[in-house]
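Analysis of the macromolecular model
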Amino acid sequence: MTDHRRRHLASWVLAIGLLAGCTPGVVNTQTTTAPTETTPPTGSASASPASATPTPTSTMSMSQAAAVKTVESYFEIRDQLFDDPSRFSEAEATESLEPFVETDMLKGNLKLFAQLKKAGEHYEGAAPLAWIVTSGVFGSGVGESVNVTVCRDSRGRTLVDPTGKVLAHIKPAIREFEVRNSADGFRIAGEKEGLGEPCP
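Summarised in this report is the structure supplied together with it.

About the thresholds
Residues numbered from 1 in each chain as written. Predicted model: local features only at pLDDT ≥ 70, side-chain atom pairs only at ≥ 80, totals over all residues. Heavy atoms only, no water. Helix = DSSP H or I, 4+ residues; strand = E, 2+ residues; numbered from the N terminus. Buried < 20%, exposed > 50% of the residue type's maximum accessible area, 1.4 Å probe, protein only. Contact = heavy atoms within 4.5 Å. Areas by Shrake-Rupley, 256 points an atom, 1.4 Å probe, with all protein chains shown as cover. Core = buried A, V, L, I, M, F, W, Y, C linked by side-chain atoms within 4.5 Å. Expected span 1.5 Å × (residues − 1).

**Some details on the overall build of the protein chain**
Helix and strand counts for the protein chain come out as four helices and eight strands. Counting all 200 residues of the protein chain, 48% fall into the buried class. Look at the contacts in the protein chain between residues 6 or more apart in sequence, and 73% of them connect residues 24 or more apart. Within the structure as shown, the protein chain displays about 9600 Å² of accessible surface, and the carbon and sulfur contribution to it stands at 54%.

See the structure below:
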């Protein structure tokens, strides 16, 4: 990887520190912030997990805030990779995603990245998170987990071929993530279809 590319990848690192807590109930953060679609991937496995400790709010514990930040960062990095797969190598994609996902999630994302890259296809358009809801914290310390459910408003997002022809319009979806606290910080362990309020 060139020094220029490494500086880009390292400059936006959002790594999550080890956090503990046990907060019952469900929290709705109602965020509408859209991921940036044009900047290079920014994850880096070499950064210190404690460098971006989330701040608890009146409605979220530190663990819940860390889980939400992990999911938001995951979408941002993944979208940047999938928006221009030809720009990045598999090694760079791996380095960018590793701070936010566990092994199975990493393999699945790298498989799709490779398919897009080989076919010359990519995604276009924004897909902001219309709302985010967290569960309580299950367990405490290393091994604790938080379920984060999001509505992704992808009405403006499309899959296109190398000529720019639209192959698919991406439908809005509710996704639920299991975010687990490991020795290296919070990472997404699994993803599935979620339930919740109407999703645009």
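**Observations regarding the nonpolar core**
Counting 33 residues, the largest nonpolar core has Tyr74 and Val148 as its most contacted members. When contributions to this core are tallied by element, the ones reaching two or more residues are helix 2 (62–83), helix 3 (90–97), helix 4 (103–119), strand 3 (129–138), strand 4 (145–152), strand 7 (173–182) and strand 8 (185–193). Each residue touching valine 148, except ones within four places of it in the same chain, is listed here: Ala67, Val68, Val71, Ile132, Val133, Thr134, Arg175, Glu176, Phe177 and Val179. Within the second largest apolar cluster, five residues are counted, among which are Trp131, Val133, Cys151 and Ile174.

**Details of helix 2**
End to end, helix 2 covers 31 Å across 22 residues, agreeing with the expected 32 Å (1.5 Å per residue, within 8%). Summarising burial for helix 2: 19 of the 22 residues are buried, a large majority.

**So, the environment of glutamine 115**
By the secondary structure assignment, glutamine 115 is in helix 4. Under the relative-accessibility criterion, glutamine 115 is labelled partly exposed at 44%. In this structure the C-alpha to C-alpha distance between glutamine 115 and proline 85, which are 30 residues apart in sequence, comes to 9.3 Å.

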